[in-house]
Amino acid sequence: MSDANGPTEAKGTAEPGSSATTDEAPLSGESAAAPESAAAGSAAAGSAAAGSAAAGSGSGAGGRRARVVLVDDHRMFRTGVQAEIGETDRTGVEVVGEAADVDQAVTVITATRPEVVLLDVHLPGGGGVEVLRRCAPLMADAEQPVRFLALSVSDAAEDVIGVIRGGARGYVTKTITGTDLVDSIFRVQDGDAVFSPRLAGFVLDAFASTDAPPVDEDLDRLTQREREVLRLIARGYAYKEIAKQLFISVKTVESHVSAVLRKLQLSNRHELTRWATARRLV
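Procedures and definitions
Residues numbered from 1 in each chain as written. Predicted model: local features only at pLDDT ≥ 70, side-chain atom pairs only at ≥ 80, totals over all residues. Heavy atoms only, no water. Helix = DSSP H or I, 4+ residues; strand = E, 2+ residues; numbered from the N terminus. Contact = heavy atoms within 4.5 Å. Areas by Shrake-Rupley, 256 points an atom, 1.4 Å probe, with all protein chains shown as cover. 1 Å grid on protein atoms, 1.4 Å probe; cavity = no way out; pocket = protein on both sides within 12 Å on 5 of 7 lines; lining within 4 Å. Points joined across faces, edges and corners; volume = space filled by probe spheres on them. Nonpolar A, V, L, I, M, F, W, Y, C, P; charged D, E, K, R; others polar. Axes fitted to C-alpha atoms, helices over the stretch in contact; angles between N-to-C directions. Parallel < 35°, antiparallel > 145°, perpendicular 65-115°, else oblique. Pairing = 2+ DSSP bridges. Buried < 20%, exposed > 50% of the residue type's maximum accessible area, 1.4 Å probe, protein only. Polar contact = N/O pair within 3.5 Å; in protein donor to acceptor, adjacent residues only side chain to side chain. Core = buried A, V, L, I, M, F, W, Y, C linked by side-chain atoms within 4.5 Å.

Novice: I keep staring at the overall build of the protein and nothing clicks. Help me out?
Specialist: Check the secondary structure of the protein and you find 14 helices and six strands. Partitioning the intrachain contacts of the protein with sequence separation of at least 6 by distance along the chain shows that 72% fall at a separation of at least 24. In the form shown here, the protein has an accessible surface area of approximately 13200 Å², with 51% of it arising from carbon and sulfur atoms.

Printed below as a string of structure tokens:
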């Protein structure tokens, strides 16, 4: 495979590579690839529109379609994945964007709003967990949620548990075949949890050893949107930044903040930040 056949980073759509390997072979390109500079892969403004326009064509995967963003700092690996799964008429998967680091990932994901993001764990700029943190409002969108599937060479327990706690719906290693990866993408799109063999045990052990958190009556008074605003306020976001993150108006943000302060009987955002930090909500 060559870069010429793979998608250009962060473009809305791309021609599938002509050197796709068979589904029986594991995904390739990781060993030969070197980390890519942060200059590659900014979002294409027309990505979402291009993806929607293409959604009516093709009959792969029994007529199902999934729009996907690839996030990995190895260009050759992204090219390999694109060649394996990106032939939309055959697989039903449309790769609508790519990114090589955290900032690029957040930009591309926000611009394209894919159904599923294939996310590497180790990325320049803070890693997959940071992408999940910054994309939390997109994951919480009830009408069009963006779901994340970790795709990494690492099978370390701390990596698996970290991204699952961050909100990823599953974790598969790069030894997965193209056929299984396509199946995993559609399962995650449906809201299922997907793991490579033995990795699920890490998650079960981690959560089984954690006592159930006590009920917080104060927090339960808040709506889901108010909790999202609360977390962003506590992280130091300005009202305009929160409005942009949550796709709402500044006036709506102000209304949510007033409601949170009233329900929690707090006076200002500084008290609100201390309250959220004490409960480890930040």
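Novice: Explanation requested: empty space enclosed by the protein in the structure shown.
Specialist: Picture a little ball the size of a water molecule; that probe, rolled over the atoms, points out where space is still empty. The final tally for this structure, using the stated rule, is one cavity of 30 Å³ or more. For the largest cavity, the calculated volume is near 60 Å³. In this structure, the largest cavity is lined by Leu70, Val71, Asp72, Phe77, Arg78, Val81, Leu118, Leu119, Asp120 and Leu151. Listing elements by their share of the lining of the largest cavity, those giving two or more residues are β1 (66–71), α2 (75–85) and β3 (116–119). The element that contributes the greatest number of residues to the lining of the largest cavity is α2, accounting for three residues. Residues that form the lining of the largest cavity fall into these classes: seven nonpolar, no polar and three charged.

Novice: I would appreciate a short explanation of the packing of α2 against helix α8 (residues 178–189) in the present structure.
Specialist: The description of two helices packed together rests on the angle between their axes and the distance between the axes. In the contact formed by α2 and α8, the axes pass within 9 Å of each other and the chain directions differ by 80°. Viewed along their axes, α2 and α8 adopt a mutual orientation that is roughly perpendicular. On α8, the residues touching Val81, Glu84 and Ile85 of α2 are Gly178, Leu181, Val182 and Ile185. Of the residues belonging to the contact of α2 with α8, the class tally is five nonpolar, one polar and one charged.

Novice: I keep staring at the packing of helix α12 (residues 239–246) against helix α13 (residues 250–264) and nothing clicks. Help me out?
Specialist: Two numbers describe how α12 lies on α13: the axes approach to 8 Å, and their chain directions differ by 105°. When the interaxial angle is binned, α12 and α13 end up roughly perpendicular. Contacts between α12 and α13 involve Tyr239, Lys240, Ile242 and Ala243 on the former and, on the latter, Val250, Val253, Glu254 and Val257. In terms of residue class, the contact of α12 with α13 is built from six nonpolar, no polar and two charged.

Novice: So what exactly am I meant to see when it comes to the sheet that holds strand β4 (residues 147–152) here?
Specialist: Two pairing modes exist for strands in a sheet, parallel and antiparallel, and in both the strands are linked by backbone hydrogen bonds. What the six strands build is an open sheet, ordered β2-β1-β3-β4-β5-β6; its pairing is parallel. Looking at which strands have only one partner, the edges of the open sheet turn out to be β2 (93–99) and β6 (194–195). Sheet topology places β1 next to β3; four bridges connect them, and they run parallel. Residue pairing across strands places Val68 opposite Val116, the latter belonging to β3.

Novice: Would you explain the side chain of Ser152 in this entry?
Specialist: The residue Ser152 is located in strand β4 in this model. Note on Ser152: relative accessible area 0%, which makes it buried. Reaching out from Ser152, the side chain makes a polar contact with the backbone nitrogen of Ser154 at a distance of 3.0 Å. When near neighbours in sequence (up to four residues on either side) are disregarded, Ser152 contacts Asp120, Val121, Tyr171, Val172, Thr173 and Lys174.

Novice: What's the story with the nonpolar core in this structure? I'm lost.
Specialist: One recurring pattern in soluble globular proteins: nonpolar side chains tend to sit buried together. In this structure, Val71, Ile109, Val117, Leu119, Val131, Phe148 and Val163 are the most contacted members of the largest nonpolar core, which totals 26 residues. Looking at this core, the elements that each hand over two or more residues are β1, β2, α4 (102–112), β3, α5 (127–134), β4 and α7 (157–166). When residues in this core are grouped by element, the largest group, five residues, is from α4. Contact partners of Val71, with chain neighbours within four places excluded, come to Ala99, Ala105, Ile109, Val117, Leu118, Leu119, Asp120 and Leu123. Within the second largest apolar cluster, 21 residues are counted, among which are Val229, Ala234, Val253 and Trp275.

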